[in-house]
Amino acid sequence: MSPTPGVTVTHRRYVPHAHAHYGGSLVDGAYSLGLFGDVATELCVRTDGDEGLFAGYDKVEFLAPLRAGDVVEATATLVRVGTRSRGVEFEARVVCRAAPERGPSAADVLDPPVIITRASGTVVVPPGQ
């Protein structure tokens, strides 16, 4: 396998109400970081044939709230290829949001999506994959 910068992986997930941690149905920022770990794992599998290990974040920005009832999309993009390390940029966006003021199950598609979290970090993979 030959990893190439620009490879992107995206996951979407509904955020259940059980994940609301604060008033106003807010979900903690760590939820986005968990999603980033998942998309980074798939990115490593696709580019290196191994799940890899997350070494750390260089930067994390929490830009907008995540709420229970949202549909969130997390993307990982390979931006740097070293011998064993891989630089990855992440973005999480809310693509659908609950609209409880209209009813208990009402929701809207957000166009454009709301960017809630951006980050960059490093993953490592075994040599010779």
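Attention in this report is confined to the structure presented alongside it. On a predicted model such as this, the values are computed, not experimentally measured, just so you know.

### Overview of the sheet that holds strand β3 (residues 53-62)
- One open sheet holds the five strands; their spatial order is β1-β5-β6-β7-β3, and the pairing between them is antiparallel. With one partner strand each, in any of the chains shown, β1 (8-14) and β3 form the two edges of the open sheet. The average undirected angle you get between the axes of adjacent strands in this sheet is 25 degrees.
- In this structure, strand β6 (residues 85-98) lies alongside strand β7 (residues 107-124), joined through 13 bridges in antiparallel fashion. Residue pairing in the sheet places F90 in a bridge with A119 of β7.
- Across the face of the sheet, helix α1 (residues 30-48) comes into contact with β1, β3, β5 (71-81), β6 and β7 while running at roughly 140 degrees to β1.

### A closer look at the pattern of salt bridges
- The tally for this structure, following the rule as stated, stands at ten salt bridges.
- Salt-bridge contacts for E42 lead to R46; the nearest nitrogen and oxygen are separated by 2.6 Å. Here the residue E42 and the residue R46 both occupy positions in helix α1, the gap between them amounting to four residues, near one helical turn.
- Assessed through its relative accessible area of 24%, E42 is described here as partly exposed.
- D48 is the partner of R86 in a salt bridge, and the nearest nitrogen-oxygen pair spans 2.7 Å. Highlighted residues: R86 in strand β6 and D48 in helix α1, separated in sequence by 38 residues. Just as R86 is buried, D48 falls in that class too.
- Put simply, R12, E73, E91, R93 and R118 are held in one network by salt bridges that share partners.

Procedures and definitions
- Residues numbered from 1 in each chain as written.
- Predicted model: local features only at pLDDT ≥ 70, side-chain atom pairs only at ≥ 80, totals over all residues.
- Heavy atoms only, no water.
- Pairing = 2+ DSSP bridges.
- Helix = DSSP H or I, 4+ residues; strand = E, 2+ residues; numbered from the N terminus.
- Axes fitted to C-alpha atoms, helices over the stretch in contact; angles between N-to-C directions.
- Contact = heavy atoms within 4.5 Å.
- Salt bridge = Lys/Arg side-chain N within 4 Å of Asp/Glu carboxyl O.
- Buried < 20%, exposed > 50% of the residue type's maximum accessible area, 1.4 Å probe, protein only.

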